[in-house]
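# Examining the three-dimensional arrangement
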Amino acid sequence: QVQLVESGGGLVQAGGSLRLSCAASGSGFRINAMGWYRQAPGKQRELVAAITRGGSLNYADSVKGRFTISRDNAKNTVYLEMNSLKPEDTAVYYCYAEVTLLYSQASSLAYWGQGTQVTVSS
């Protein structure tokens, strides 16, 4: 019912910027929240940033002041603007959406994008 397609990863030098995009498509769902997780080799997946249906924002302490999450509700798309990138930001970034499926009345279901690699060189 829900497909997430993300893009924008790549290789950048420390101090550079990248913008990730994630678009949710399909039908019969309502998005409750969207955001980004990342996972670096040997580490647990961690929440980077999230935005709720009501517009509340949540950022990991490590990215506050450098990353900005935003949304385009009409397009069911979320963006992550990443500035002042550091080598420790290197990870696979996964878009997620927490949704309610309207017809089945299932709620709080998590869908994941395919992941996009972000590599920051020093």
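Placed above this text is the structure.
Keep in mind that what you see is a predicted model, and the values were worked out from it rather than measured. Note that residues are indexed from 1 along each chain, following the sequence as it is written. Since the coordinates come from a predicted model, pLDDT governs what is reported: local features require at least 70, and pairs of side-chain atoms require 80 or more to be given and counted, while whole-chain, interface and lining totals use all residues. Hydrogens and water are ignored here; the side-chain numbers use all heavy atoms of the structure.

## Observations regarding the overall build of the protein
To be explicit about the condition: By the criteria applied, helices consist of DSSP H or I runs no shorter than four residues and strands consist of E runs no shorter than two, each listed in order from the N terminus. Only the C-alpha atoms count toward the radius of gyration. The rule for a globule is 2.2 Å times the residue count to the power 0.38. Relative accessibility thresholds used throughout: buried, under 20% of the residue-type maximum; exposed, over 50%; partly exposed, between the two (1.4 Å probe, protein chains only). Residue contacts follow a heavy-atom distance rule, with two residues in contact if any of their heavy atoms lie within 4.5 Å. Each accessible area value is a Shrake-Rupley result obtained with a 1.4 Å probe; residue values ignore everything except the protein chains displayed when judging cover. Just so you know, the count uses Lys and Arg for positive and Asp and Glu for negative, and it drops His and the chain ends. In this description, the location of a charge corresponds to atom NZ of lysine, CZ of arginine, CG of aspartate or CD of glutamate.
For the protein, the helix and strand inventory stands at 0 helices and 11 strands. For the protein, the N- to C-terminal ordering of α and β elements is β-β-β-β-β-β-β-β-β-β-β. Radius of gyration (C-alpha) of the protein: 14 Å, near the 14 Å computed for a compact globule of 122 residues. Its C-alpha atoms give the protein principal-axis dimensions of roughly 50 × 25 × 20 Å. Considering the protein as a whole, with its 122 residues, one finds that 43% of them fall into the buried category. Relative to all contacts within the protein whose residues are 6 or more apart in sequence, the contacts with residues 24 or more apart total 56%. Surface summary for the protein: the accessible area is close to 6500 Å², and the carbon and sulfur share equals 46%. Distance between charge centres in the protein, computed from 11 positive and 8 negative side chains, equals 4 Å.

## Things to note about the side chain of E6
Stated formally: What counts as a salt bridge is simple: a side-chain nitrogen of Lys or Arg found within 4 Å of a carboxyl oxygen of Asp or Glu. A 3.5 Å cut-off defines polar contacts: any pair of N or O atoms within that distance qualifies, except that in protein one atom must be a possible hydrogen donor and the other a possible acceptor, and neighbouring residues in sequence count only when both atoms are side-chain atoms.
Mapped onto the elements, E6 comes out in strand β1 (residues 2–7). There is no salt bridge for the buried E6, and the closest opposite charge comes from R45, which lies 8.6 Å off by N-O distance. Within the structure, the side chain of E6 is placed 3.0 Å from the backbone nitrogen of G115, a separation counted as a polar contact. In this structure, E6 is in contact with S21, C22, W36, Y93, Y94, C95, G113, Q114, G115 and T116, ignoring residues within four places of it in sequence.

## Focus: the packing of aromatic side chains
For clarity, the threshold we go by: Aromatic pairing here means that ring centres of Phe, Tyr or Trp (its six-membered ring) are within 6.5 Å. Orientation follows from the plane angle: under 30 degrees is stacked, over 60 is edge-to-face, and everything else is tilted. Should the NZ of a Lys or the CZ of an Arg lie within 6 Å of a ring centre and within 35 degrees of the ring normal, that charge is described as sitting over the ring.
Scanning the model with the defined rule gives 3 aromatic pairs in all. When the ring of Y96 is compared with that of W112, the centres are 5.8 Å apart and the planes differ by 40°; the resulting orientation is tilted. Taken together, the positions of Y96 in strand β9 (residues 91–101) and W112 in strand β10 (residues 106–112) put the pair 16 residues apart, joining distant regions of the chain. The buried category is assigned to Y96, whose relative accessible area is 12%. When its relative accessible area of 39% is taken as the criterion, W112 is described as partly exposed. Site record: aromatic cluster; members linked through ring pairs are Y37, Y96 and W112. Over the ring of Y79 we find R19; its NZ or CZ atom is 4.0 Å from the centre of that ring. Looking at R45, its charged tip hangs above the ring of Y94, at a distance of 4.0 Å from the centre.

## Considering the environment of Q114
With respect to the element layout, Q114 can be found in the loop between β10 and β11 (116–121). For Q114, the contacting residues outside a window of four places in its chain are L4, V5, E6 and Y94. In terms of polar contacts, Q114 uses its side chain to reach the backbone carbonyl oxygen of E6, at 2.8 Å.

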